[in-house]
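The chain contents come next:
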Amino acid sequence: MQTVSSSPKAPKNKTLAAWLALITGQLGVHRLYLFGLGDVWAWLHPITAALGWWGVERVRQYGQDDHLAWVLIPLLGFTLAGTALTAIYYGLMPTEKWNALHNAGTPATQAGNTNWLTIGAVVFALLFGTISLMSSIVFSFQRYFEYQVEEAKKISQ
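In this text the structure is predicted, and so the values were computed from the model without any measurement. (Residues numbered from 1 in each chain as written. Predicted model: local features only at pLDDT ≥ 70, side-chain atom pairs only at ≥ 80, totals over all residues. Heavy atoms only, no water.)

J.: Which residues make up the overall build of the protein chain, and what are the values?
T.: Counting secondary structure elements, the protein chain contains 6 helices and 0 strands. Written out in order from the N terminus, the α and β elements of the protein chain read α-α-α-α-α-α. A principal-axis box enclosing the C-alpha atoms of the protein chain has dimensions of 85 × 35 × 20 Å. Counting the 157 residues in the protein chain, one finds 36% classified as buried. Sequence separation of at least 24 residues holds for 60% of the intrachain contacts in the protein chain that already meet a minimum separation of 6. Only carbon and sulfur atoms are counted for the fraction: they give 69% of the accessible area of the protein chain, which is about 10100 Å². The positive charge centre, built from 10 side chains, and the negative charge centre, built from 8, are 10 Å apart in the protein chain. (Helix = DSSP H or I, 4+ residues; strand = E, 2+ residues; numbered from the N terminus. Buried < 20%, exposed > 50% of the residue type's maximum accessible area, 1.4 Å probe, protein only. Contact = heavy atoms within 4.5 Å. Areas by Shrake-Rupley, 256 points an atom, 1.4 Å probe, with all protein chains shown as cover. Lys, Arg positive; Asp, Glu negative; His and termini not counted. Charge placed at Lys NZ, Arg CZ, Asp CG, Glu CD.)

Following this line, the structure appears as structure tokens:
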């Protein structure tokens, strides 16, 4: 009796992974693509992003003086910046390393090659990641120092 073997896994494409990290990174789709549904980190991405979006909504409802929003909004920014960094990491990874990590069954596959679409993902990730990271840092520091000034005014009066 012959056993039916399962079909070999499709090779993981580096360009697709980089674009997924850039475009749908806050949802963790890139991790689901690479590691499957059992990846815990993939499921944490949408939770932190949702908390960040909740902070944005709180600012829209209650204004910039909402202290909880000061904590929540940087979660979104750092999630977006982190996934942009992940896209850069994927895009700049050497083909041999990519195939060793994600295409171990087929090390000679072309899926790990870098092309102009991969470099495009890296360029946009640099742009978008820098904007997200710097905006989050600036927002956090601005709110912190404004709060310190308000508290100093209360003490001096």
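J.: Give a description of the pattern of salt bridges that names residues and reports values.
T.: Scanning the model with the defined rule gives 4 salt bridges in all. R31 serves as the salt-bridge partner of D39, at 2.5 Å between the closest nitrogen and oxygen. Accessibility assignment for this pair places D39 and R31 in one class, buried. (Salt bridge = Lys/Arg side-chain N within 4 Å of Asp/Glu carboxyl O.)

J.: I'd like to hear about the packing of helix α1 (residues 14–23) against helix α4 (residues 67–92), residue by residue, with values.
T.: Packing of α1 against α4 brings their axes to within 8 Å, and their N-to-C directions diverge by 170°. The pairing of α1 with α4 is recorded here as roughly antiparallel in orientation. Along the contact surface, α1 presents K14, A17, A18, A21 and L22, while α4 presents T83, T86, A87, Y90 and G91. Here the residues of the contact of α1 with α4 sort into 6 nonpolar, 3 polar and 1 charged. (Axes fitted to C-alpha atoms, helices over the stretch in contact; angles between N-to-C directions. Parallel < 35°, antiparallel > 145°, perpendicular 65-115°, else oblique. Nonpolar A, V, L, I, M, F, W, Y, C, P; charged D, E, K, R; others polar.)

J.: Residue-level account of the packing of α4 against helix α6 (residues 116–156), with values.
T.: Taken N-terminus to C-terminus, the directions of α4 and α6 make an angle of 155°; their axes are 8 Å apart at the nearest point. Of the possible angle classes, the one that applies to α4 and α6 is roughly antiparallel. Note on packing geometry: the crossing formed by α4 with α6 is left-handed. Taken together, the residues of the contact of α4 with α6 break down into 19 nonpolar, 8 polar and 1 charged. (Left-handed = near helix turned anticlockwise from the far one by under 90°.)

Without other data, these values stay purely geometric and don't point to any function.
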